Amino acid sequence: MGGIFPKIGILGLQGAFQKHHEMFKGIQVEARFILYPGQIRECDGLVLPGGESTTMTKLISEMHLRDELDAFSGPIFGTCAGAILLSKSAGDSRVQTLKRMDIRIDRKGYGRQVDSFIQSVQLTFDKTPFRGIFIRAPRIVDFSDGVEVLGEFEGEAVFLRDNNNLLATFHPELSNDARVHQYFIDQFF
Ligand code: GLN
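The rules behind each value
Residues numbered from 1 in each chain as written. Predicted model: local features only at pLDDT ≥ 70, side-chain atom pairs only at ≥ 80, totals over all residues. Heavy atoms only, no water. Near = heavy atom within 4 Å. Polar contact = N/O pair within 3.5 Å; in protein donor to acceptor, adjacent residues only side chain to side chain. Areas by Shrake-Rupley, 256 points an atom, 1.4 Å probe, with all protein chains shown as cover. 1 Å grid on protein atoms, 1.4 Å probe; cavity = no way out; pocket = protein on both sides within 12 Å on 5 of 7 lines; lining within 4 Å. Sits in = over half its atoms within 2 Å of the grid points. Nonpolar A, V, L, I, M, F, W, Y, C, P; charged D, E, K, R; others polar. Phe/Tyr/Trp six-rings, centres within 6.5 Å; stacked < 30°, edge-to-face > 60°. Helix = DSSP H or I, 4+ residues; strand = E, 2+ residues; numbered from the N terminus. Buried < 20%, exposed > 50% of the residue type's maximum accessible area, 1.4 Å probe, protein only. Salt bridge = Lys/Arg side-chain N within 4 Å of Asp/Glu carboxyl O.

Participant: How should the site of the ligand be read in this particular structure?
Facilitator: Around the ligand lies a shell formed by G50, G51, E52, S53, C80, A81, I84, R107, I135, R136 and H171. Interatomic distance of 2.9 Å between a backbone N/O atom of R136 and a nitrogen atom of the ligand. Between the ligand and H171 there is a distance of 3.0 Å, counted from a nitrogen atom to a side-chain nitrogen or oxygen. In the complex, the protein chains occlude 98% of the 300 Å² of accessible area that the ligand would expose alone. Because more than half of its atoms lie within 2 Å of the grid, the ligand is assigned to the largest pocket. The residue makeup of the shell around the ligand, split by class, is 4 nonpolar, 4 polar and 3 charged.

Participant: Help me understand the packing of aromatic side chains, please; the structure alone is not making it clear to me.
Facilitator: Ring pairs (aromatic) are described by centroid distance and by the angle formed between their planes. Scanning the entire structure with this criterion turns up 15 aromatic pairs. With centroids separated by 5.5 Å and ring planes inclined at 50 degrees, the aromatic side chains of F134 and F170 adopt a geometry described as tilted. Here F170 lies in the loop between β11 (165–168) and α5 (179–188) and F134 lies in strand β7 (residues 130–135), a separation of 36 residues in the sequence. The same class applies to F134 and to F170, which are both buried. Ring plane angle 70 degrees and centroid distance 6.1 Å describe the contact between F159 and Y183, whose orientation is recorded as edge-to-face. Placement of the pair is F159 in strand β10 (residues 156–162) and Y183 in helix α5, with a sequence separation of 24 residues. Grouping residues by exposure puts F159 and Y183 together as buried. Pairwise contacts between aromatic rings join Y110, F117, F125, F130, F134, F153, F159, F170 and Y183 into one cluster.

Participant: I would appreciate a short explanation of the pattern of salt bridges in the present structure.
Facilitator: When the charged atoms of two side chains lie near each other, side chains of opposite charge can form a pair. On inspection of all chains with the given rule, the structure shows 11 salt bridges. Linking E22 and K19 is a salt bridge whose minimum nitrogen-to-oxygen distance equals 3.8 Å. Of this pair, E22 and K19 are both found in helix α1 (residues 18–26), 3 residues apart, which corresponds to roughly one turn of the helix. On the basis of relative accessible area, E22 is assigned to the partly exposed category, the value being 41%. Here the salt bridges do not stand alone but share partners, grouping E52, D92, R94, R107 and R136 into one network.

See below:
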């Protein structure tokens, strides 16, 4: 691992990757965008951003990143569409998940009416709630006993850990609050 200076790769194929970079910069962590084969294995940790999981699935194949992603054993943090990609199943045959977290997720679990919403997420590791921005967010359907819930609102698990993987169904990179990114760094590097 990279000691106190981990190299974080942010999948930069599609979606909300830029803001993650700014977040890490704000906490003095080096991050670079991943676009090509060979870049993933140079990283200590990865971020899979929000966007559109069906499009990301296609682009991962087209850019020949699938094998390297499957082989990556370091920590991964997925947000929104990235969370969908980390799950065991997303209930949509167009989405090829990495199956790194023992979680079932519903891509459009909150329905179209509540396209986007903001909720106060209660964190297990900090008293101050996190302003959770949910954008066409996926919904956790269920998860195994080994999965730890790190954040929830109204009984909905929205921030979870399974081994060295983290997922948030919201967009922590949009809240001008680095605690979730800092948590990822502190826990795994
Ligand atoms: N529901 C979207 C998907 O299926 C994710 C939305 C988001 O990342 N903001 O990929």
